[in-house]
Amino acid sequence: MGEIEDGEADHITADVQGQKCALVCECSASENVSGKDNLPFLNAVLKNPVCKLYRFPTSDNKWMRIREQMSESILSFHVPKELISLHIKEDLCRNQELKELGELSPHWDNLRKNVLTHCDQMVNMYQDILTELSKETGSSFKSSSSKGEKTLEFVPINLHLQRMHVHSPHLKDALYDVITVGAPAAHFQGFKNGGLRKLLHRFETERRNTGYQFIYYSPENTAKAKEVLSNINQLQPLIATHADLLLNSASQHSPDSLKNSLKMLSEKTELFVHAFKDQLVRSALLALYTARPGGILKKPPSPKSSTESSPQDLPPPMRRQDSIPHHSDYDEEEWDRVWANVGKSLNCIIAMVDKLIESDGGSEDSGGSRDGEQDLSVVDSIKTHPREDWYEQLYPLILTLKDCMGEVVNRAKQSLTFVLLQELAYSLPQCLMLTLRRDIVFSQALAGLVCGFIIKLHTSLHDPGFLQQLHTVGLIVQYEGLLSTYSDEIGMLEDMAVGISDLKKVAFKIIEAKSNDVLPVITGRREHYVVEVKLPARMFETLPLQIKEGQLLHVHPVLFNVGINEQQTLAERFGDVSLQESINQENFELLKEYYTIFMEKMPPDYISHFHEQNDLKGLLENLHQNIQAKKRKNVEIMWLAATICRKLNGIRFTCCKSAKDRTSMSVTLEQCSILRDEHQLHKDFFIRALDCMRREGCRIENVLKNIKCRKYAFNMLQLMAFPKYYRPPEGTYGKADT
C-alpha cells in the first residue's frame with residue numbers, strides 16, 4: 001500500500017490480515033520541523049517533537065504524503081507560574097484592603113479577622129505551590145500518571161500539539177492542528193461531591209438563603225465590585241500621571257501640548273467618574289455604614305471645589321438592597337456630592353486651560369476683539385502675568401482634582417471591599433476552596449488556550465482574512481470532550497465546563513518582542529486577564545494596524561461532549577445524561593451566536609467568497625438536529641462541531657480524562673476523515689490508514705511517554721461498547737496503568 005519515505009526508518013508496520021499497511025518512517029528531531037517552523041518564536045513554545053511520515057494512495061491511484069507531528073509545550077508550566085504569581089499579588093492586595101477597611105462593629109470585626117486568617121493561609125499555599133513549580137525549570141510535560149500530584153495540580157495533563165501536514169498531488173499543502181490535553185479538572189481535590197458546575201450552584205443557593213449575619217450580594221454584584229476596584233486601581237495612577245503631564249505642559253507654555261494633555265486627562269477622568277455610576281457603590285456605602293460601631297460612619301472632610309459648574313451626569317435615584325437596613329441619620333446624598341466634585345474639578349481645569357490658550361492667542365493677535373467685559377478682564381489678567389504663571393494657575397486646580405479623587409477612591413474602595421468580605425465571610429473555608437478549585441481548572445484550561453492561540457497565529461500570519469477575523473470578531477475555540485457522565489467523570493465534566501466557560505474572561509494582545517524572550521506575559525485579575533503574545537519585529541510589522549495598536553483580541557470558547565466508553569453505556573441505560581445534553585445545547589447557542597456576529601461583521605466580499613466555499617448554515621442546522629435527537633453516543637455531534645470550527649478558522653481541542661487513549665482514537669479518526677473528505681484518500685484504504693496511524697503513529701508514542709508501555713488502556717469488553725471507528729487495532733491495547 002505504501003512506500004517508505006527518504007530517511008532512516010526506525011520501525012516498519014507489519015502486514016495486517018494479509019494486506020500490507022503503509023510503511024512509516026520516524027523522523028529525527030532535526031527533520032521533523034519544516035523551515036517555516038524553525039523560527040525562535042515557535043521553538044520557544046514547542047519542545048520534544050515526535051514525527052512520523054506516511055504515503056497513502058489517492059482515489060485516482062496517485063500518492064499523498066503525510067507528516068504527522070506531536071510536540072510538547074513549555075507553556076504547560078510557564079502559564080500556571082504566571083497565573084499563580086498574579087493570584088498571589090491579587091490576594092495580598094485584597095487582604096491589605098480588608099485590613100484598611102477601618103473600624104467595624106465587633107460582629108463584623110471578628111468576621112474580618114477570621115477571613116484574613118484563612119486568606120493568609122491560602123496565599124501561603126499558593127506561594128508554596130509556586131516555589132515547587134519554579135523548581136521544574138525547562139519542564140514541558142505532565143504525564144497522565146501525575147494528574148493527582150498536589151504540586152502539579154495547576155499544570156495541564158499531557159498537553160500536546162497534534163499536527164498533520166498533507167502534501168497531495170492535486171491540492172495545495174495543508175496543515176491541520178489539534179491541541180490534545182487532559183480535561184481541565186481538579187484531580188487532587190477529587191470528585192466525591194461533584195465538580196465546579198454543581199459545587200458553585202450549591203454554594204450560591206446556600207449563600208442566598210443565609211441568615212441575618214451576612215448581607216447577600218449576587219455573583220454579578222461581587223464580580224462588579226471586583227471590576228470597579230480594579231478600574232480604580234488602574235485609573236487613579238493614570239489620572240495622576242496625566243495631571244502631572246498637564247502641569248509639565250503648562251510650565252513649558254506649550255498650547256498644543258496643553259491641549260493634548262488635557263484631552264488625555266479628560267478621557268481618563270470621565271472613565272473614572274463613570275465607574276461609580278452603579279447602584280452597587282451606593283448600597284455598599286450604606287451597608288458599610290451599618291457595620292461601623294454604633295452605625296456612625298467616620299467621614300473625612302470633603303475637599304471644596306473652586307468651580308461653580310454643575311455636577312455632570314449624576315446617577316439616577318437607586319433602590320437599596322432589601323437586606324440592608326435604612327438608617328435615618330445616613331446622608332445618602334453626600335456620596336453624590338463627593339462623587340460629583342471630581343467632575344466639577346475637571347470642568348474647572350478645562351475652563352482654565354481654555355482661558356490660558358485663548359489669552360495666548362490674543363497676545364499674538366492684538367487686533368482681535370473680545371465679547372463681554374468679564375471675559376476681557378479675565379484674559380487681560382492672565383496676559384499680564386509672566387508665562388510661567390500658567391503652571392501656578394493650574395496647580396491648585398490639579399491639587400483639588402487629586403484631593404476629590406482621593407476621597408472618592410477611599411470611600412469606594414472601603415465600601416466595595418466590604419462587599420467582598422460578605423462573599424468570603426460566608427462558609428469559610430469552603431469559599432476559598434472553591435476559589436482554589438476554580439483557579440486550578442482555569443490554569444489548566446488557559447495553558448492549553450495560550451498554546452493553541454500562539455500556534456494558530458503563527459500558522460495563519462500571512463492570511464489577511466484570518467487576521468481581519470481575529471480583530472473584528474475574535475476566534476472560536478472548540479473543545480471536543482470524550483468524558484462519560486458516570487461516576488468521577490461527571491465531576492471532571494462539571495469542572496471542565498466551568499473552566500472552559502471562564503476562558504471568556506481572557507483577551508489577547510500582540511506586542512513586538514524587544515528581546516529574545518518571546519514567552520507570553522499574563523496580566524490582570526481573576527475576572528479579566530490579558531495575555532500579551534510577543535512577535536519578532538519583522539513578523540509584527542506584517543500585522544493589521546488595529547492589532548499593532550494594541551487592540552484586545554477575544555476568544556469564544558465552546559464545549560461539545562459525547563461520552564463513548566463503557567461507563568457512558570451505563571449512564572445512558574441506568575443513569576443520567578442530562579449534564580451532557582445541557583452542555584451541548586448551551587454551547588450550540590454560543591456557537592450560533594458567534595456565527596451570527598461573524599456574518600454581520602466580516603466584509604461583504606469576504607462573506608460572499610466564504611459562502612461559495614462553505615455551507616456553514618447547513619452544518620449548524622445539522623448539528624442542532626443531532627443535539628436535539630438525544631441519540632446514544634452520537635459522535636456525529638463531535639464531527640460536525642469540529643468541521644464547523646475548522647471552517648471558521650477556529651482552534652481545535654480534543655480532551656478525555658488524560659488525553660491518552662480515547663483522545664488518540666479521536667484525533668487519528670479525525671486525521672483519516674480529513675484525508676478521505678478533503679484529500680481524496682482511496683476509500684478502500686481508509687480503515688488500513690486508520691489502523692496504521694494508531695499502531696505506528698505519534699499517538700502510540702504518546703501512550704509510551706505517559707505510562708512507559710505501548711498499549712492503549714482498553715480491554716476487549718470495554719471496546720465492545722465503543723463506537724466502531726473508535727476501536728484500536730488488535731495488539732495495540734491491553735492492561736495498562738492509567
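Structural data are supplied above this passage.
Remember, predicted model here, so these are calculated numbers, not experimental data.

**Section: unusual backbone geometry**
Of note in the backbone geometry, Asn158 takes a positive phi value of approximately 55° without being a glycine. Relative to the assigned elements, Asn158 resides in the loop between α3 (106-134) and β4 (160-167). According to the relative accessible area criterion, Asn158 is buried, its value standing at 0%.

**Some details on the packing of aromatic side chains**
In the structure shown here, the tally under the stated rule is 14 aromatic pairs. Taken together, a centroid distance of 4.3 Å and an interplanar angle of 20° make the contact between Tyr479 and Phe653 stacked. With Tyr479 in strand β6 (residues 475-481) and Phe653 in strand β11 (residues 651-655), this residue pair connects regions lying 174 residues apart in the sequence. The pair Tyr479 / Phe653 is uniform in exposure class, with both members buried. Consider the rings of Tyr606 and Phe610, whose centres lie 6.2 Å apart with planes at 15°: the pair is stacked. Of this pair, Tyr606 and Phe610 both sit in helix α18 (residues 604-613), separated by 4 residues, roughly a single helical turn. Here the aromatic residues Tyr594, Phe598, Tyr606 and Phe610 are joined through ring pairs into a cluster of three or more. Between the NZ or CZ atom of Arg55 and the centre of the ring of Trp63, over which it lies, the distance is 5.0 Å.

**Section: helix α22 (residues 686-696)**
Here α22 lies mainly inside the structure; 9 of its 11 residues are buried. Of the surrounding secondary structure, the elements contacted by the buried residues of α22 are β2 (46-57), β3 (63-73), β4, α21 (662-679) and α23 (698-707).

**Focus on the pairing of β3**
Counting buried positions over the 11 residues of β3 gives 9, a clear majority of the element. Here β2 pairs with β3 via 10 bridges, running antiparallel. Residue pairing across strands places Val50 opposite Met70, the latter belonging to β3. Two elements, β3 and β4, share 8 bridges in a ladder whose sense is antiparallel. Across the sheet, residue Met70 finds its bridge partner in β4, namely Gln162.

What counts, and where the lines are drawn
- Residues numbered from 1 in each chain as written.
- Predicted model: local features only at pLDDT ≥ 70, side-chain atom pairs only at ≥ 80, totals over all residues.
- Heavy atoms only, no water.
- Helix = DSSP H or I, 4+ residues; strand = E, 2+ residues; numbered from the N terminus.
- Buried < 20%, exposed > 50% of the residue type's maximum accessible area, 1.4 Å probe, protein only.
- Phe/Tyr/Trp six-rings, centres within 6.5 Å; stacked < 30°, edge-to-face > 60°.
- Lys NZ or Arg CZ within 6 Å of the ring centre and 35° of its normal.
- Contact = heavy atoms within 4.5 Å.
- Pairing = 2+ DSSP bridges.

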